[in-house]
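Chain and residue survey
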Amino acid sequence: MQRKLKIIAILFFCIISGYMAGSLTYLSQLPAEIRLTEFSTHSLHIGLPFSATLQETTAVSKVDDSRLGSLTLQTESSGTAQMTIGAFGLSFRRVTLDIVPEMEIIPLGHAIGVRINTDGVMVLGTGSFLGADGETYRPAQNLLHAGDLIMYADDTEITSKESLSDYVAASQGEIILRVNRGGSETKVTLVPQVAAKDDVRRIGAWIRDSTKGIGTLTFFNPATGEFGALGHGILDVDTKTLLSVKSGTIMPSSVLSVSKGVRGIPGELEGQVEASIIWGRIKINCANGIFGEIDSASASRFADLPRFPVASRSQIKEGRATILTNVSGTDVREYEIQIESVNVNAADETKGIVIRITDPELLKQTGGIVQGMSGSPILQDGRIIGAVTHVFVQDPTKGYAIFIEGMLKATEGVRRVEVV
């Protein structure tokens, strides 16, 4: 009997220890700063067996902490407050609550064409070529790497593929390339060689200076003139690295047809871009999307559309929601979806929300989420909560979405960037 009790006690201790370890891991992932909107109710999950204590403040108050592992807060005036989370008389985590005025933005859902010119030229890879003397040359091998951005050749700024090719062709000996590699400048010295096929000096590197594609315009902020789109960054198709923006534009696009998504094969919007019409200038390409300023003519076009308050991630819940998206012509329509899960502590903000397309008409047209729908804004309970980012390849009816908070935070850098 005593042996049985010992075994039970050990098992109980192991279960409690495992649970506590999981709870502490969850707690460690809780952001150090949580943004809440004023004059609203927010629900936070802090995990068992923890409870929260607020410093004395008039900005926010606890309404209910009776639900195990959960906390309901009521915000009042703007400001900040400190919240301590602990258990058994011990403090485990300190969180700053940032209470901000409610913001209203205009959700859009229009298909757009996107063009980005890189800051410098991007190296895709290196190779060999036959020289005029019959030798095989690899001047850039092991010196330049995929993802490098060539900014200068000696003291000449490199602004395009043509400017680099022209400089190399005119060179008479070694050249020094100044390269942005992972955010740090590196100098690379190499000697161009004359190629047999055209008698032109080359370095043996594949390069790119621009990219283009189609996506969806998420929102316009009439207070600042800024836009956000895509909900995820634009990666170079070959190097899988974020493209560094020198300049870029967004243009209206008309959806001509849809390749429906099926299990294992993502679908795709096929559109025609109005390249002569510029809706906005891109300033930032980051993990959470592309951001910039809407041109004045387009700003007046969007200004009269309905504005929606922005939801904090703590206000998003599982259940019914809708998306605005453009899958035929230039017609933006609202379609039913289901929020299946919300991970407020997601390490990757672009995958913080799991959604499922439930609208029969959209499923008939697209099969679910297809490439080009990235950036389609999501609405719930009269608020804009996020944007579509990725499709589940094995189930195109499902996909990920980013919190709108994450996209708006990225726009804070737009006014600090000067496009030249």
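Description of the structure in this document. (Residues numbered from 1 in each chain as written. Predicted model: local features only at pLDDT ≥ 70, side-chain atom pairs only at ≥ 80, totals over all residues. Heavy atoms only, no water.)

Examining the overall build of the protein chain
- Secondary structure assignment for the protein chain yields five helices and 30 strands.
- The buried share of the protein chain, taken over its 420 residues, is 47%.
- In the protein chain, the share of contacts with a sequence separation of at least 24, taken over all contacts with a separation of at least 6, comes to 67%.
- Total accessible area on the protein chain is roughly 20400 Å²; 51% of this is exposed by carbon and sulfur atoms. (Helix = DSSP H or I, 4+ residues; strand = E, 2+ residues; numbered from the N terminus. Buried < 20%, exposed > 50% of the residue type's maximum accessible area, 1.4 Å probe, protein only. Contact = heavy atoms within 4.5 Å. Areas by Shrake-Rupley, 256 points an atom, 1.4 Å probe, with all protein chains shown as cover.)

A few points about the environment of Leu 90
- Secondary-structure assignment places Leu 90 in strand β7 (residues 90-100).
- Separated by 40 residues in the primary sequence, Leu 90 and Phe 50 place their C-alpha atoms 9.8 Å from one another.

Things to note about the nonpolar core
- Counting 24 residues, the largest nonpolar core has Ile 323, Ile 337, Ile 339, Ile 355 and Ile 378 as its most contacted members.
- When contributions to this core are tallied by element, the ones reaching two or more residues are β24 (319-328), β25 (331-342), β26 (353-357), β29 (383-392) and β30 (395-403).
- Counting residues in each nonpolar core, the second largest holds 23 residues, with Ala 229, Leu 230, Leu 243 and Ile 290 among its members. (Core = buried A, V, L, I, M, F, W, Y, C linked by side-chain atoms within 4.5 Å.)

Describing unusual backbone geometry
- Positive phi outside glycine occurs at Asp 154, with the angle close to 55°.
- Position of Asp 154 relative to the elements: it lies in the loop between β11 (149-153) and β12 (156-157).
- At Leu 230, a residue that is not glycine, the phi angle is positive and equals roughly 75°.
- With a relative accessible area of 5%, Leu 230 lands in the buried category.

Re the sheet that holds β26
- Taking strand neighbours around the barrel as the criterion, the six strands line up as β24-β25-β26-β30-β29-β28 in a closed arrangement whose pairing is antiparallel. In this sheet, neighbouring strand axes are inclined to one another by 45° on average, regardless of whether the strands run parallel or antiparallel.
- Bridge count for β24 against strand β28 (residues 377-380) is two bridges, and the pairing is antiparallel. Residue pairing for β28: Thr 322 is matched across the bridge by Leu 379.
- Lying on the sheet, helix α5 (residues 404-411) is in contact with β29 and β30; it crosses β30 at an angle near 50°. (Pairing = 2+ DSSP bridges. Axes fitted to C-alpha atoms, helices over the stretch in contact; angles between N-to-C directions.)

Comments concerning the packing of aromatic side chains
- Under the definition given, this model contains four aromatic pairs.
- Seen from their ring centres, Phe 129 and Tyr 137 are 6.4 Å apart, and the 35° between their planes marks the pair as tilted.
- Residues Phe 392 and Tyr 400 carry aromatic rings whose centres are separated by 4.8 Å and whose planes lie at 65° to one another, so their mutual orientation is edge-to-face.
- Each residue in the set Phe 220, Trp 279 and Phe 302 is aromatic and connected to the rest through ring pairs, giving one cluster. (Phe/Tyr/Trp six-rings, centres within 6.5 Å; stacked < 30°, edge-to-face > 60°.)

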